[in-house]
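Residues per chain, in single letters:
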Amino acid sequence: MEMNASDRDLVEVMKRYFAVKAEVEDVKIRLEAARRESGEEIEIFYNPRINIDHAADILHSHSLKQELARLMDWAEAWGRQDLATDPA
């Protein structure tokens, strides 16, 4: 199977997707451990305006999740394009 430039782009997007997904999990584990240790309610702990100590990680987590959505949107668009050009 030959890979064209578009296929290689998809591979790079998916590599990035899984790297970001792993980073989201790491941040999530750290934040949840800190939340449990603090005993704070979820809605209080995860509010970056209230929880200054963890605001950077909370905002970073939101940013990473947005990147995951953008990467998956790109991959889905690639799949739709590939299906539209499939002569089957």
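Residues numbered from 1 in each chain as written. Predicted model: local features only at pLDDT ≥ 70, side-chain atom pairs only at ≥ 80, totals over all residues. Heavy atoms only, no water.

Novice: I'd love a proper account of the overall build of the chain, names of residues and values included.
Specialist: Broken down by element type, the chain carries 3 helices and 0 strands. Going residue by residue from the N terminus, the α and β elements of the chain occur as α-α-α. On C-alpha atoms alone, the chain measures out to a radius of gyration of 18 Å, which is more than a quarter above the 12 Å that the 2.2 N^0.38 rule sets for 88 residues. With 88 residues in all, the chain has 25% of them scored as buried. When contacts within the chain are restricted to residue pairs at least 6 apart in sequence, those whose partners lie at least 24 apart make up 60%. Of the roughly 6700 Å² of accessible surface on the chain, 55% is carried by carbon and sulfur atoms. Computed over 12 positive and 19 negative side-chain charges, the separation of the two mean positions in the chain equals 1 Å. (Helix = DSSP H or I, 4+ residues; strand = E, 2+ residues; numbered from the N terminus. Rg over C-alpha atoms; globule rule 2.2 N^0.38 Å. Buried < 20%, exposed > 50% of the residue type's maximum accessible area, 1.4 Å probe, protein only. Contact = heavy atoms within 4.5 Å. Areas by Shrake-Rupley, 256 points an atom, 1.4 Å probe, with all protein chains shown as cover. Lys, Arg positive; Asp, Glu negative; His and termini not counted. Charge placed at Lys NZ, Arg CZ, Asp CG, Glu CD.)

Novice: Report on the nonpolar core, specifying residues and quantitative values.
Specialist: Grouped together as the largest cluster of nonpolar side chains are 12 residues: V13, Y17, V20, V24, V27, L31, A34, F45, I58, L64, L68 and L71. Of all the secondary-structure elements, those providing two or more residues to this core are α1 (5-38) and α3 (55-84). Sort the elements by how many residues they give to this core and α1 lands first, with 7 residues. Residues contacting L68, with those up to four places away along its chain left out, are Y17, V20, K21 and V24. (Core = buried A, V, L, I, M, F, W, Y, C linked by side-chain atoms within 4.5 Å.)

Novice: So, the pattern of salt bridges: which residues are in play, and what are the values?
Specialist: By the definition in use, this model includes 5 salt bridges. Of the charged contacts in the structure, one is a salt bridge between K15 and E12, with a shortest N-O distance of 3.5 Å. Of this pair, K15 and E12 both sit in helix α1, 3 residues apart, roughly one helical turn. You can call E12 partly exposed: its relative accessible area is 47%. (Salt bridge = Lys/Arg side-chain N within 4 Å of Asp/Glu carboxyl O.)

Novice: Quick one: what's the story with the packing of aromatic side chains, residue by residue and with numbers?
Specialist: Taken as a whole, this structure holds 2 aromatic pairs when the rule is applied. With centroids separated by 5.2 Å and ring planes inclined at 90°, the aromatic side chains of Y17 and F18 adopt a geometry described as edge-to-face. A ring pair is formed by F45 and Y46, whose centres lie 5.1 Å apart and whose planes are at 80°; its orientation type is edge-to-face. Judged by its relative accessible area of 3%, F45 is buried. (Phe/Tyr/Trp six-rings, centres within 6.5 Å; stacked < 30°, edge-to-face > 60°.)

Novice: Can you explain α1? Please cite residues and give values.
Specialist: A rise of 1.5 Å per residue sets the reference length of α1, with its 34 residues, at 50 Å; its end C-alpha atoms lie 49 Å apart and thus fit the reference within 8%. Among the residues of α1, those classed as buried are D7, L10, V13, Y17, V20, V24, V27, L31, E32, A34 and R35. Its side-chain oxygen 2.9 Å from the backbone nitrogen of S6, N4 forms the N-cap of α1. Residue G39 follows α1 closely and has a positive phi angle near 80°. (Expected span 1.5 Å × (residues − 1). Polar contact = N/O pair within 3.5 Å; in protein donor to acceptor, adjacent residues only side chain to side chain.)

All we've got here are geometric facts, nothing functional implied.
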